[in-house]
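As a plain string of letters, each chain reads:
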Amino acid sequence: MKFKRISIALLVFILTGIAIFTQLMIQQEEKASKKDIHNKGNQIVSLIALHSIHDFEGDKRNFFIKTLMEYTSSHGLVYCFINDQNGKPVVSLTPGNLESEIPNHIQTKSLAAMGLVYQPFETMGSGQKIYEFAKPFFENGKKTGAVRIGLEPPFISIISMQRVSLLAMLSFFIISAITIVYYGFVQALAPLEQFSEKILNKRMDTSVALNNSTKRFNVGSMVEDFQKSLLQFKDKSKAIETINQELASKIGVLRFEKNQVITILNSIHFGIIITDIQGNVSHINDYVLNLFDRKRDDVTDRPLEEVIPDKEITSFISKQESLKQQRPNSHMDITFPELAPGETYRISYGCLKDDQKTAIGKMIMFNNVTKEMQAEKATQEFTAHLSHELLTPLTTIKSYSEMLMEGEIEESETQKEFYNTINSETARLSRLIKDLLNLSKIEMGSLTLDKGLVKSDWLFEDCITAVQGAAQRKNISIHRHVPDNFPSLIGDKDQLKGALINILGNAVKYTPENGDINFELREQDSKVIFDIRDTGYGMSEEDLSHIFDKFYRSQDPQIAEQQGTGLGLAITSEIISLHEGEMKVKSKIGEGTHFTVKIPKEEYYLGKQS
Amino acid sequence: MENNHKVLVIDDEAHIRRVLEIKLKNRGYQVLQAKNGQEGFDMIQKHQPDIVISDINMPIMDGKTLCEKTSGLKKERPFLTIIITARINPEDRDWIETSQDTQFMEKPFSPARIVEAIEQYLG
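No experiment lies behind these values; they were computed from the predicted model shown.

What counts, and where the lines are drawn
- Residues numbered from 1 in each chain as written.
- Chains lettered and ligands numbered in written order.
- Predicted model: local features only at pLDDT ≥ 70, side-chain atom pairs only at ≥ 80, totals over all residues.
- Heavy atoms only, no water.
- Core = buried A, V, L, I, M, F, W, Y, C linked by side-chain atoms within 4.5 Å.
- Buried < 20%, exposed > 50% of the residue type's maximum accessible area, 1.4 Å probe, protein only.
- Helix = DSSP H or I, 4+ residues; strand = E, 2+ residues; numbered from the N terminus.
- Contact = heavy atoms within 4.5 Å.
- pLDDT = per-residue confidence, 0-100.
- Axes fitted to C-alpha atoms, helices over the stretch in contact; angles between N-to-C directions.
- Parallel < 35°, antiparallel > 145°, perpendicular 65-115°, else oblique.
- Left-handed = near helix turned anticlockwise from the far one by under 90°.
- Patch = residues over 30% accessible without salt bridge, like charges linked within 9 Å, V, L, I, M, F, W, Y side chains within 5 Å.
- Areas by Shrake-Rupley, 256 points an atom, 1.4 Å probe, with all protein chains shown as cover.
- Salt bridge = Lys/Arg side-chain N within 4 Å of Asp/Glu carboxyl O.
- Buried area = accessible area lost by both parts, 1.4 Å probe.
- Polar contact = N/O pair within 3.5 Å; in protein donor to acceptor, adjacent residues only side chain to side chain.
- Nonpolar A, V, L, I, M, F, W, Y, C, P; charged D, E, K, R; others polar.
- Pairing = 2+ DSSP bridges.

## A few points about the nonpolar core
Item 1. Counting 43 residues, the largest nonpolar core has A:Leu504, A:Ile517, A:Phe519, A:Phe530, A:Ile532, A:Phe595 and A:Val597 as the members making the most contacts within it.
Item 2. For this core, the elements supplying multiple residues, two or more each, are α13 (412-444), α14 (456-473), α15 (493-509), β14 (516-524), β15 (527-534), α18 (568-578), β16 (582-588) and β17 (592-600) of chain A.
Item 3. Once residues within four sequence positions are removed from consideration, A:Val597 is found in contact with A:Leu500, A:Ile503, A:Val528, A:Ile529, A:Phe530, A:Ile576, A:Glu582 and A:Met583.
Item 4. Ranked by size, the runner-up nonpolar core spans 28 residues in total, among them A:Phe418, B:Leu80, B:Phe109 and B:Ile118.

Printed below as a string of structure tokens:
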């Protein structure tokens, strides 16, 4: 369809071209014939004017006229007039009445002229185009007459042989040119066709190639193919756009997840450094930055040895790297006395590997293990203390009984002393075991308080009774300070008594002979308060900060001299806590110690369930 | 049974000192007593005992420190140190074994075994 339109357009174009070309040729021919006539006219009049006017008179007249007539007919002369000086016609050769159709001014101008005259004109009747040429006769320098001839322009036919042959030639060239251009285009566009085929078929296989070679080139189908290709391309680009959007959203998700990982790494409570395989830091979390007082920008992409200039760590890492197989628990403990005094860090090394098990980086972790180390140390110390405390009375019992059995003691007084010691040490051991059981019950949360109404006056007196003997032996006076109305409280009477006896017993134990102890009971802010003030040795601040620690014994010789399990105050403080009470202690060396125990007061009403 | 050997017993526990005092006196030794490492160190310098029996866990100065402080004295005048301890942990074993003329005796100890160790040392 399109091709037809193109053909029509081409045809119109060619025809217009031929018309314009023909017009141009005709114009050119007219111009050439005009020049031709001019030359011919000039030649003829000049030739005639060479003669004497008299040659057309007398004897020669017939001969000249005859020659002139022959000449005229062969040269297309329309007319020929020869006039003498006076204008009298000498020769007049003209068909019919043409002479009368020549305008007068033509004749007048021709006759008056002294040289060659050329005047084109149209006849008055038929309007025939005529070119008049005139020239005067001269004889002895004197004008004797004039000759005038009329020539008609040659007929120019639209169909001339010359023109037809020229046109034919031209057409041949044009057609040849079009053909050459056409096949040139075909050749030039052939890859384009294959290109469109390729796009359509996605790949170029042999069958397509064969098809292609047998298929005739067709602009229409090619345009169609191209259109198809463009449509497919459009679809493809749309699909790619969709994929791109999906990718962009995936990248967004990945970025979000990456940031999340970084946030997690920064918020975890241990240090982490990740390096690439060359050992340059690719990620470092805030924990490490804070520990080493470094800025992120200063350490990113820097070598690890530069970021953490610690020889111990560097050698640890290289040692780990040299191991062919990583041990799961490979770590080292290190301290940084200047950066983090008193803290211990456990450094672990890990090799980062990809799916193919190829090493892609390293990971170094910093874990603050100070608390774990302290706990471990505390456990060790506890075990050491416990074994010491248990073994000391046991050693006495064993060695004393061995001595008695082997008959090493002969004096009955010493024997008695030994038996007493065995007895008291056995009691000490059992007390210690009871304390330990009590403490472990409290710590495991399995100590159940046998709660009930406790009248503070009974509690107060029971405590004094319990330590009275020991106090009397050291001649220590216990001064009572009691209110008019004794408040009541809810609790486990035995446990509370044990706790208070512990404090009061310590007061007796650590007060030198003839000292004083003030034991006061009072009520304040809905609390029952027991105040125990001694005039004992007192404690240093160091001792004061440890008095509730298990097995802690003061280094003060006066205190250390006294027997004790080192568990009493630990148990006391736990029992007071279980009663929602509080305990405060003040002490000064040489002045004494002051314990204050506060337990919530409980009003007792009949019928009230506790 | 009298002999001229001096034994210094260092322990914060009076009962231990007492039992060793009787046991050693029965064997004819001259017995000296100290309540902690510091007191013990002073007495070693003053009385130059042949045998020192010491506990590890003591206030003021413990048995380990005492051993370290007396290692110099031992080069001039050797004497046996018997360390009585509740439990031998690996660290303690190390320094006891590398110290000159030092033995350890685990609690609960037998007084007879201590006497044996002393007699073996003195030949």
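After that view of the structure, there is still more to cover.
## Comments concerning the confidence of the model for chain A
All names here are of chain A.
Item 1. Per-residue pLDDT for chain A has a mean of 83; in total, 90% of the residues score no lower than 70.
Item 2. Segment residues 203-211 is flagged for pLDDT under 50; beyond a separation of four residues in sequence, or across chains, it makes six contacts in the model.
Item 3. Between residues 606-610, whose pLDDT stays under 50, and residues either more than four places distant or in other chains, the model counts three contacts.

## Here's the deal with the packing of helix α12 (residues 370-405) of chain A against α13(A)
When two helices pack together, their arrangement is captured by the angle between the axes and the distance separating the axes.
All names here are of chain A.
Item 1. At a closest axis distance of 9 Å, the pairing of α12 and α13 adopts a crossing angle of 155°. Relative to α13, α12 is oriented roughly antiparallel. Two packed elements cross with a definite hand, and for α12 against α13 that hand is left-handed.

## What about a nonpolar patch on the surface?
Residues and elements named next belong to chain A.
Item 1. A surface patch of nonpolar side chains, amounting to about 420 Å² of accessible area, comprises Leu10, Phe13, Leu170, Ile174 and Ile178.
Item 2. Every element with two or more residues in the nonpolar patch is listed here: α1 (2-49) and α5 (161-201).
Item 3. No other element matches the three residues that α5 contributes to the nonpolar patch.
Item 4. Tracing the chain through its elements places Leu170 in helix α5.
Item 5. According to the relative accessible area criterion, Leu170 is partly exposed, its value standing at 31%.

## A look at the interface of chain B and chain A
Item 1. Every contact between the two is made by 23 residues of chain B and, on the other side, 28 residues of chain A.
Item 2. Here chain B meets chain A over a buried area of about 2100 Å², counting both sides, of which 57% is carbon and sulfur.
Item 3. Linking chain B with chain A are five salt bridges.
Item 4. The salt bridge partner of B:Arg27 is A:Glu408, with a shortest N-O separation of 3.0 Å.
Item 5. Put simply, chain B and chain A have ten residue pairs in polar contact (both at pLDDT 80 or more) between them.
Item 6. Looking at the side of chain B that touches chain A, the elements that each hand over two or more residues are α1 (14-26) and α5 (111-122) of chain B.
Item 7. Tallying contributions element by element places α1(B) first for the side of chain B that touches chain A, with seven residues.
Item 8. For the side of chain B that touches chain A, the per-class residue count stands at eleven nonpolar, four polar and eight charged.

## Focus: the sheet that holds strand β4 (residues 80-85) of chain B
Residue and element names in this part refer to chain B.
Item 1. Pairing is parallel in the open sheet, where five strands are placed in the order β2-β1-β3-β4-β5. Each edge of the sheet is formed by a strand with only one pairing partner; in this case those strands are β2 (30-34) and β5 (102-106). The sheet shows a mean angle of 20° between the axes of neighbouring strands, direction not considered.
Item 2. In the sheet, strand β1 (residues 6-10) pairs with strand β3 (residues 51-55) via four bridges, with the strands oriented parallel. Note that in β3 the partner of Ile10 across the bridge is Ser54.
Item 3. Lying on the sheet, α1 is in contact with β1, β2, β3 and β4; it crosses β2 at an angle near 170°.
Item 4. Most of the contacts of helix α3 (residues 63-76) go to β4, to which it runs at about 175°, and overall it touches β1, β3, β4 and β5.

## Some points on the pattern of salt bridges
Two side chains bearing opposite charge may form a pair once their charged atoms approach each other closely.
Item 1. This model, assessed by the stated rule, comprises 23 salt bridges over all chains.
Item 2. With its nearest N and O atoms 2.6 Å apart, the salt bridge here joins B:Arg18 to A:Glu417. Here the residue B:Arg18 occupies a position in helix α1, and A:Glu417 occupies one in helix α13, the pair thus bridging two chains.
Item 3. Using a relative accessible area of 25% as the deciding quantity, one classes B:Arg18 as partly exposed.
Item 4. The salt bridge involving B:Glu116 is made with B:Arg113; its shortest N-O contact spans 3.2 Å.

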